[in-house]
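Secondary and tertiary structure notes
Residues per chain are reported as follows:
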Amino acid sequence: MVSTSALDFRIPSDLAQIEAIVAQVVHRCRECRFDARQLSLNVPVALTEAIANAMLRGNGEDAAKEVRIRAEVSEARLVVEVEDEGQGFDLDACCDDPTTPENLEREDGRGLFLMRTLMDEVVQVEGSSNVVRLTLRRR
Amino acid sequence: MTLDANLHGDVLVIALHGQLIVGNRQALKQRVLDDIEAGTRKVVVDFGNTGYIDSSGLGVLVSLAKRLRELGGDLRLANLNADLRTLFELTKLDSLFQIADSREQALASF
């Protein structure tokens, strides 16, 4: 039987809090025996991007607005939902490729690309355009 | 993340301790911009004690390298672990930066 454990955080839009949340999710993934590369690269980078996006773009850097992070971890997969208090956006409309020559020297524009590259799936939760769900299968 | 900065001749070497991410990237950016203002044109960032970088951290490195190149200098990277090298490859930023295996190699490359 595969047991699943859940984490649920509500934090203000404070960028300094991201690293501690990420560390707790990584710790839970380690307990579920995720691959070393997933623990050191995929999970921390993709989750940092998702939470930062929620704070900076979703909540417009308004410290009074919260971000909720719900993570379900099992020996099969990690599923994280990151919810902000913004108006939502169309995830599928954000598809600029930061690796093209014209975009390579841009300072921004790599966050969603990294999320999509490092996770198995990145989607908006149906009916909730301000909730992004990231899924990573354990290797 | 904390950083140690030391001059080796005319090269500023910045050693990072911890992750370079959205919550702290401004500390690195401001430190290097201050040194550029004071005349520094050659910079090495040593990632020997860094586990991962996010897109904001990558963006700061791109921005600083661009500024230094405009002034005739450069920003070079050293001591990247396998994860960091993967990040630079995925984003194709490995084509934008000189990446050395060690701090000494990075210093010698100037």
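Check the entry above for the structure.
Quick look at the structure, then. It should be emphasised that the depicted structure is a prediction, and the values quoted were computed from it without experimental measurement. (Residues numbered from 1 in each chain as written. Chains lettered and ligands numbered in written order. Predicted model: local features only at pLDDT ≥ 70, side-chain atom pairs only at ≥ 80, totals over all residues. Heavy atoms only, no water.)

**Quick word on helix α1 (residues 25-37) of chain B**
All names here are of chain B. When the terminal C-alpha atoms of α1 are compared, their 18 Å separation across 13 residues agrees well with the 18 Å that a helix rising 1.5 Å per residue should span. All buried positions along α1 are accounted for by Leu28, Lys29, Val32, Asp35 and Ile36. Looking down the long axis of α1, one finds its buried residues gathered within 135 degrees of arc, a one-sided arrangement. Structurally, α1 contributes buried residues whose contacts are with β1 (2-8), β2 (11-17), β3 (42-49) and α2 (55-70). Phi for Gly39, located one or two positions after α1, is positive at around 115 degrees. (Helix = DSSP H or I, 4+ residues; strand = E, 2+ residues; numbered from the N terminus. Expected span 1.5 Å × (residues − 1). Buried < 20%, exposed > 50% of the residue type's maximum accessible area, 1.4 Å probe, protein only. Arc of directions from axis to C-beta. Contact = heavy atoms within 4.5 Å.)

**What about the side chain of A:Asn130?**
Residues and elements named next belong to chain A. Relative to the elements of secondary structure, Asn130 occurs in strand β5 (residues 128-137). Note on Asn130: relative accessible area 18%, which makes it buried. Among the polar contacts listed, one links the side chain of Asn130 to the backbone oxygen of Asp84, at a separation of 2.7 Å. With residues near it in sequence (within four places) discarded, Asn130 still touches Val82, Glu83, Asp84, Glu85, Gly86 and Gly88. (Polar contact = N/O pair within 3.5 Å; in protein donor to acceptor, adjacent residues only side chain to side chain.)

**Examining unusual backbone geometry**
Positive phi, normally seen in glycine, also occurs at A:Arg33, with a value near 60 degrees. Note on placement: A:Arg33 falls in the loop between α1 (18-31) and α2 (36-58). The residue B:Lys92 is not glycine, and still its phi comes out positive at about 65 degrees. Take B:Lys92: it is sitting in the loop between α3 (82-90) and β5 (99-100). A residue is classified by how much of its surface remains accessible, and B:Lys92, at 42% relative accessible area, is partly exposed.

Any functional reading would require information that these geometric values do not contain.
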